[in-house]
Amino acid sequence: MKLSVGRHIADLLKRDEKQRSALIWALAIAWLLLIGWIAFFGHLGSIGLIDETEPLFVEAARQMTVTGDWITPFFNEVPRFDKPPLIYWLMAIAFKAFGVNEWAARLPSALAGFALSCFCFYTLRQFGWHHRFSKSKAQELPDRSLEFSTAPKQTSDVGRDWQLWLTAGLGGTMVALHPYTFFFGRTGYSDMLLSLCMSGSLLAFFLGYAHTENSKVQTRWYLTFYVLIGLAVLTKGPVGAVLPGMIITAFLVYVGHFKAVLREVKLGWGALIVLGLSVPWFVLVILANGQAYIDSFFGYHNVERFTSVVNEHSGPWYFHFLIVLVGFLPWSVFLPAAIARLQFWQRRAWQQQPRSTHLGLFAGVWFAVVLGFFTIAATKYFSYVLPSMPAAAILVALWWSEQIAQAEIGQQQSRSLKLSTIAGVGLFALLAAACFYSPNWLSDDPTMPNLGLRMEQAGLAEWGAIIWGISAIAGLLLLLKRQAQWFWGVSLIGFAAFLLWFVTPMSFLVDAERQLPLREMAAAAVQAEKPQEPLLMIVRGFHKPSLVFYAERPVNFLMNPETAAPEIQQAIAQPTVPGSALVITSQRALTRSGLQPTQYQAIAQSGIYQLIRVPKTGQP
């Protein structure tokens, strides 16, 4: 029996205009809130800060509330010049409003992710048109292929309206529900805020670019574009303006509107807005820190990150392609077909299309420039291509909407749909097998030696395998019944179920194994400390900056266990120190340090860590 969900929605859309609009907007808002709860707000503060990067941002924000210095961020009594201050300011404001806790620290990221999903929804609702080029000339899909057979013009308009709602719903959902956004939208990094500001600026630009019939609306969107660019610079630095500028320039040159749009956007006024928002803080922080800030932020964290490998963040040239493949699951398997759908080689045909049909092409340029820029950069890091995800979501949403529309008017399923669905079914089967066998290889991390066992006890491996196994079977049945246009629903339900019944409980287990012992060590250190007694940690590999946040005091990290004993004595030798030091260490690091049981007092233990007090040499 042929599915006809689209026709039922079309019947709904034929109702009285005001009643119809109110009902659909209510349903859309309810849907976005549901997606927002799943992706961003549910259990937001239920686990502790995740070492290594998240506590660096969160503690720097906490320090602002303690010291009152909102110009120079500090971590562990050292200036933190990595990022501009916007994320720290927002976290600090959240701390002032809701208290110092994990939920408040992550709230700016969650709100940014939710706002970005809503912005993409709105943009697709306005301009989520399709295109289809014939062999002879360009044609607009909204005028032709959204019409139901034997339908009058009024029904065609209803069909177009339904198509826009469908595309918007798909795009807003895909922006939120994939691993990349799920992680950064729920952690206290600056990346989700950057993605909102940078991606939001690009969406605002396109809304201004496409609103050719109303100059006032166009001006307002261009103004929004400049404001968001200024905020992107305050979040990340110059790249917040450079990347959007590269994307827009490449797009306008391709469609042949560069000179016309340059006159529309009032570049001089825009530059004043961007500089007015961003430059004052840069002036203040340079006045406070001088050449040290210039060398660190502009030199090391911008120029050197692009031209050379920093912080050992290297990788092969295809590193970010793999990040997109994994980070944008389950939608990444449809990206090749969505990109090919653009027919970007038909430049002249694109130039003949009205601006309102250019959203897919704009998203394609956006995605390609971000991915290409960071592929060229020498330093590779998994967060860099996050701003390309909204573009990927727009591309895939447009492609899926077109597949559904073609099925509704009785067209034969495309080859790209069949191949993409086959790839998706294979992916789901692979994910089912990976989940089932995951306990065998998740116990290799020395900081979480019991994780695999705890997964087996909780039955998570079986749950993950069942979710993806059922999804694979459902996709296969759709293929056999020639209803592959509904595979997006299988992908959505499967991934949402995976988040709710595998990823969320898994995050609780990881927190209990990896981060909870550190929080307990911090609490024990606060309880046991003597006045002016230093706190040190013997660690090999990554720092554990969450200790600084939870202990609310400086921590001296000793990175080489073999030299830890003399370094501890050197710290104790300081005139203000009361003759002993508190040390957090693992048993392995303690053994390698050479400290004997007679040289320290054991105080507390949790997980692989223990808290000891080391007296000055020669003292009992």
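Scope of this entry: the structure provided in the associated data block. Quick caveat, the model's predicted, so the values are computed rather than measured.

## Some remarks on the packing of helix α13 (residues 267–289) against helix α14 (residues 291–307)
Here is step 1: It is the contact of α13 with α14, at a shortest axis distance of 6 Å, that shows an interaxial angle of 125°. Taken together, the axes of α13 and α14 lie oblique to each other. Counting all contacts with α13, which are made through Trp281, Phe282, Val285, Ile286 and Asn289, the residues of α14 involved are Gln291, Ala292, Tyr293, Ile294, Phe297 and Phe298.
Here is step 2: For the contact of α13 with α14, a count of residues per class yields nine nonpolar, two polar and no charged.

## Some remarks on a nonpolar patch on the surface
Here is step 1: Residues Trp317, Tyr318, Phe321, Leu322, Leu325 and Val326 make up a contiguous nonpolar surface patch of about 620 Å² in total accessible area.
Here is step 2: For Leu325, the position within the fold is in helix α15 (residues 319–327).
Here is step 3: By relative accessible area, Leu325 is classed as partly exposed at 43%.

## Structural notes on unusual backbone geometry
Here is step 1: Along the chain, Asp51 connects to Glu52 via a cis peptide bond; the corresponding omega equals 20°.
Here is step 2: Leu329 connects to Pro330 through a cis peptide bond whose omega is 0°.
Here is step 3: Its place among the elements puts Pro330 in the loop between α15 and α16 (335–340).
Here is step 4: If you check the backbone angles, Lys266 has positive phi at about 50° while not being a glycine.
Here is step 5: Following the sequence through the fold, Lys266 ends up in the loop between α12 (258–264) and α13.
Here is step 6: On the accessibility criterion, Lys266 (44% relative accessible area) is partly exposed.
Here is step 7: One non-glycine residue with positive phi stands out, namely Gln343, at about 50°.
Here is step 8: With respect to the secondary-structure elements, Gln343 resides in the loop between α16 and α17 (347–352).
Here is step 9: Judged by relative accessible area, which is 16%, Gln343 ranks as buried.

## Focus: the pairing of strand β8 (residues 601–606)
The two faces of a sheet get side chains in turn, since along a regular strand they alternate between them.
Here is step 1: Pairing of β8 with strand β9 (residues 609–615), which is carried by five bridges, proceeds in the antiparallel orientation. Across the sheet, Gln605 pairs through a bridge with Gln610, a residue of β9.

## Re the sheet that holds β9
Here is step 1: Reading across from one edge, β6-β5-β7-β9-β8 is the order of the five strands in this open sheet, with mixed pairing throughout. Because the sheet does not close on itself, it has two edges, and the strands there are β6 (556–558) and β8. Taken pair by pair, the neighbouring strands of this sheet meet at an average axis angle of 25°, ignoring direction.
Here is step 2: In this structure, strand β5 (residues 535–538) lies alongside β6, joined through three bridges in parallel fashion. Along β6, the bridge assignment pairs Met537 with Phe557.
Here is step 3: This element, helix α23 (residues 487–528), spans β5, β7 (580–586), β8 and β9 of the sheet and lies at about 30° to β9.
Here is step 4: Its contacts with the sheet place helix α25 (residues 564–572) against β5, β6, β7 and β9, and it is angled at close to 55° to β9.

## Comments concerning the environment of Leu492
Here is step 1: Take Leu492: it is sitting in helix α23.
Here is step 2: A C-alpha to C-alpha distance of 8.0 Å links Leu492 and Leu177, two positions 315 residues apart in sequence.
Here is step 3: In this structure Leu492 touches Trp31, Thr173, Leu177 and Trp331, once residues within four positions along its chain are discounted.

## Some words on empty space enclosed by the protein
Here is step 1: Scanning all chains against the criterion turns up one cavity of 30 Å³ or more.
Here is step 2: For the largest cavity, the calculated volume is near 30 Å³.
Here is step 3: As for the largest cavity, its lining consists of Gln403, Gln406, Ala407, Gln411, Gln412, Gln413, Ser414 and Leu417.
Here is step 4: When residues in the lining of the largest cavity are grouped by element, the largest group, three residues, is from helix α19 (residues 389–408).
Here is step 5: Grouping the constituent residues of the lining of the largest cavity by class yields two nonpolar, six polar and no charged.

## Observations concerning helix α22 (residues 460–480)
Here is step 1: In a regular helix each residue adds 1.5 Å, so 21 residues correspond to 30 Å; α22 covers 30 Å between its end C-alpha atoms and thus fits that length.
Here is step 2: Elements that come into contact with the buried residues of α22 comprise α20 (415–441), α21 (451–458) and α23.
Here is step 3: Count one or two residues on from α22 and you reach Arg482, which has phi positive near 60°.

What counts, and at which threshold
Residues numbered from 1 in each chain as written. Predicted model: local features only at pLDDT ≥ 70, side-chain atom pairs only at ≥ 80, totals over all residues. Heavy atoms only, no water. Axes fitted to C-alpha atoms, helices over the stretch in contact; angles between N-to-C directions. Helix = DSSP H or I, 4+ residues; strand = E, 2+ residues; numbered from the N terminus. Parallel < 35°, antiparallel > 145°, perpendicular 65-115°, else oblique. Contact = heavy atoms within 4.5 Å. Nonpolar A, V, L, I, M, F, W, Y, C, P; charged D, E, K, R; others polar. Patch = residues over 30% accessible without salt bridge, like charges linked within 9 Å, V, L, I, M, F, W, Y side chains within 5 Å. Areas by Shrake-Rupley, 256 points an atom, 1.4 Å probe, with all protein chains shown as cover. Salt bridge = Lys/Arg side-chain N within 4 Å of Asp/Glu carboxyl O. Buried < 20%, exposed > 50% of the residue type's maximum accessible area, 1.4 Å probe, protein only. Pairing = 2+ DSSP bridges. 1 Å grid on protein atoms, 1.4 Å probe; cavity = no way out; pocket = protein on both sides within 12 Å on 5 of 7 lines; lining within 4 Å. Points joined across faces, edges and corners; volume = space filled by probe spheres on them. Expected span 1.5 Å × (residues − 1).

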